[in-house]
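Commentary on secondary and tertiary structure
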Amino acid sequence: MKILIFSASPNTDGLTAACAAAAINGITAVGGEAEEIRLNDLDIGACEACNHGWGTCQNDHVCEVLDDFQALHDRTHQADAFVFVTPVYWGDLSESMKAFTDRLRRCEATRGEKSGLTKKPIIMVAAAGGSGNGMITCLASQERWIDHLHARKWDFIPVNRWNRPYKLQTIRASASAMASEIMGAES
Ligand SMILES: Cc1cc2nc3c(=O)[nH]c(=O)nc-3n(C[C@H](O)[C@H](O)[C@H](O)COP(=O)(O)O)c2cc1C
């Protein structure tokens, strides 16, 4: 059982990092395996909308823009569940999360029900460390993304500077419950 935590902030000690740490803590507390992948440490550029719109993503379900995306794409097939933690930028995903999720959607949504994420549970976390505005619009766009990939909506958790203490506990509890369910299904 493996749960991947994708975090998408340039800061290693901010709100996003605290949310990712809470998720890892919740998963490992119940005996699950968790690994954080910091998208800002990788070379994953924006989708280039190859060939006037669709590249190899459309029929071959792989991205032809070669960088760190390919290895990470493969790893999503091996993982059992996911936690996505993005800082809220302009009421939306951060650029690194947008680049990764846009490209993953093109490769996997085009497989329909055979998407590599079909039925896999996902926790979406939006960390709005500034005004606190935009948490919901950010999570709404992530909900549509989950629909496109036929994944399972385990939880959506908005976090700001004021609710941070109890929302970190919520993330931990949600991640524990998700990991426990997967491990129960395995045994
Ligand atoms: C370009 C940019 C846009 C931002 N837009 C928002 C926003 O719409 N709402 C908000 O609450 N915070 C906004 N922020 C603040 C970030 O959400 C905040 O810095 C967040 O905590 C970043 O996570 P970190 O602490 O892990 O860096 C923005 C920050 C940046 C850099």
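Our subject is the structure listed above.
Everything in this summary refers to the structure shown in the same document. (Residues numbered from 1 in each chain as written. Predicted model: local features only at pLDDT ≥ 70, side-chain atom pairs only at ≥ 80, totals over all residues. Heavy atoms only, no water.)

**Quick word on the overall build of the protein**
- A count of helical and extended segments in the protein gives 5 helices and 5 strands.
- If one aligns the C-alpha atoms of the protein with their principal axes, the spans along those axes are about 45 × 45 × 25 Å.
- Per-residue burial for the protein yields a buried fraction of 49% across its 187 residues.
- Sequence-distant contacts, at least 24 apart, represent 78% of the contacts inside the protein between residues at least 6 apart.
- For the protein, the accessible surface area stands at approximately 8,700 Å², while carbon and sulfur atoms represent 50% of it.
- In the protein, which carries 18 positive and 23 negative side-chain charges, the distance between the mean positions of the two groups comes to 5 Å. (Helix = DSSP H or I, 4+ residues; strand = E, 2+ residues; numbered from the N terminus. Buried < 20%, exposed > 50% of the residue type's maximum accessible area, 1.4 Å probe, protein only. Contact = heavy atoms within 4.5 Å. Areas by Shrake-Rupley, 256 points an atom, 1.4 Å probe, with all protein chains shown as cover. Lys, Arg positive; Asp, Glu negative; His and termini not counted. Charge placed at Lys NZ, Arg CZ, Asp CG, Glu CD.)

**Topic: the packing of helix H1 (residues 15-29) against helix H5 (residues 164-186)**
- Relative orientation of the contacting elements H1 and H5 amounts to 40°, with a least axis distance of 7 Å. Crossing geometry of H1 relative to H5 is assigned as right-handed. Judged by residue contacts, Leu-15, Ala-18, Cys-19, Ala-22, Ala-23, Asn-25, Gly-26, Ile-27 and Ala-29 of H1 engage Arg-164, Leu-168, Ile-171, Arg-172, Ala-175, Ser-176 and Ala-179 from H5. (Axes fitted to C-alpha atoms, helices over the stretch in contact; angles between N-to-C directions. Left-handed = near helix turned anticlockwise from the far one by under 90°.)

**What to know about the environment of Ala-46**
- Tracing the chain through its elements places Ala-46 in the loop between strand E2 (34-38) and helix H2 (69-78).
- For Ala-46 and Lys-98, which are 52 residues apart along the polypeptide, the C-alpha to C-alpha distance reads 7.8 Å.
- The residues contacting Ala-46, other than those within four sequence positions of it, are Ala-99 and Arg-103.

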